[in-house]
Amino acid sequence: MRVLVVEDDWALCRSVAATLRDEGIAVDTANDGVEGLALGREGIYDAILLDVMMPGLDGWEVLEKLRMESSAPVMMLTARDAVPDRVKGLDIGADDYLTKPFDNAELCARVRALIRRSVGQTQSAITIDKLVLDTAGRTVTYDGKEVELTAREYSILEYLALNRGKVLTRTRLYERLFDERDDSYSNLLDVHVSKLRKKMGPELIKTRRGHGYLIE
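Residues numbered from 1 in each chain as written. Predicted model: local features only at pLDDT ≥ 70, side-chain atom pairs only at ≥ 80, totals over all residues. Heavy atoms only, no water.

**Student:** Please explain the domain arrangement of the protein chain as it appears in this structure.
**Tutor:** Where the parts come together, the accessible area they lose is often given as the size of the interface. Annotation of the protein chain at the domain level lists domain 1 (2–118) and domain 2 (125–215). For domain 1 versus domain 2, the distance between C-alpha centres works out to 25 Å. Counting residues at the interface gives 16 residues for domain 1 and 15 residues for domain 2. Together, the buried faces of domain 1 and domain 2 total about 1300 Å²; carbon and sulfur atoms form 42% of this surface. For the pair domain 1 and domain 2, the interface holds two salt bridges. Note that Glu 23 is salt-bridged to Arg 138, the shortest N-O span being 3.7 Å. Those elements giving two or more residues to the side of domain 1 that touches domain 2 turn out to be helix H1 (10–22), strand E2 (26–30) and helix H5 (104–118). Counting residues per element, the side of domain 1 that touches domain 2 draws most heavily on E2, at four residues. Within the side of domain 1 that touches domain 2, the residues separate by chemical class into five nonpolar, three polar and eight charged. (Domains from an automatic or database assignment. Contact = heavy atoms within 4.5 Å. Buried area = accessible area lost by both parts, 1.4 Å probe. Salt bridge = Lys/Arg side-chain N within 4 Å of Asp/Glu carboxyl O. Helix = DSSP H or I, 4+ residues; strand = E, 2+ residues; numbered from the N terminus. Nonpolar A, V, L, I, M, F, W, Y, C, P; charged D, E, K, R; others polar.)

**Student:** Would you explain the sheet that holds strand E11 (residues 206–208) in this entry?
**Tutor:** Sheets are built from strands that pair by backbone hydrogen bonding, the pairs being arranged parallel or antiparallel. The strand order E10-E12-E11 describes an open sheet built from three strands, whose pairing is antiparallel. Bordering the open sheet on either side are strand E10 (168–169) and E11, each of which pairs with just one other strand. Inspection of the sheet shows E10 paired to strand E12 (residues 212–214) by two bridges, in the antiparallel sense. Within E12, the residue paired with Thr 169 across the bridge is Gly 212. Here helix H8 (residues 188–200) sits on the sheet and contacts E11 and E12; the angle it forms with E12, its principal contact strand, is near 30°. (Pairing = 2+ DSSP bridges. Axes fitted to C-alpha atoms, helices over the stretch in contact; angles between N-to-C directions.)

**Student:** Can you walk me through H8 in this structure?
**Tutor:** An α-helix turns once per 3.6 residues; consequently, residues spaced three or four apart project the same way. The end-to-end C-alpha separation of H8 is 19 Å, in line with the 18 Å expected for 13 residues at 1.5 Å each. Taken as a whole, H8 has its buried residues at Leu 189, His 192, Val 193, Leu 196 and Met 200. Buried residues along H8 cover an arc of 100° about the axis, so they all sit on one side. Close packing links the buried residues of H8 with strand E7 (131–134), strand E8 (139–142), strand E9 (145–147), helix H6 (151–162), helix H7 (170–177) and E12. Just downstream of H8, Gly 201 is the residue with a positive phi angle, here 95°. (Expected span 1.5 Å × (residues − 1). Buried < 20%, exposed > 50% of the residue type's maximum accessible area, 1.4 Å probe, protein only. Arc of directions from axis to C-beta.)

Shown next as structure tokens:
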């Protein structure tokens, strides 16, 4: 998964990004509304975390403009916890609202829930034949046995499972799973898919030559 964090507090922005990356989520950051809007318009994010009070464009303005062309889930992050502010954000098009200061565990849980709902997955457990993937506990069981995965391996498997039945191109997988720190021209994706196949068998993740990968 790839998330955009738009927050003008540099320390908080770095902290949120680090927390999400520890969960295996790719993260891009912006420190003002103008940059956040430009990145949000690229259409490559599974969720956007958007501060309200920012220079250039505030969070309300960014959200209004994004909603004209994007349906990506948006969570507002703000110190303003008055009911009218929460109502305004939800009415403009926000999908969730988290008041500062917040607990990192709650932040991650809300982000995971936003992404699940956006693809029509309401339950935290995904079951596909021998595969059982718990998106809340971030655990994987295959053929009745728990499988230990790295954060990046888990994120690739989760994204394929959430989009099961769809062929996902290498370009899309790089866009959604690798962030601004990664080299998108490397063979990282192939290496991780190879490791997943070694851990769970070659039949789980299929290759469509010239197209991409899928879980049927």
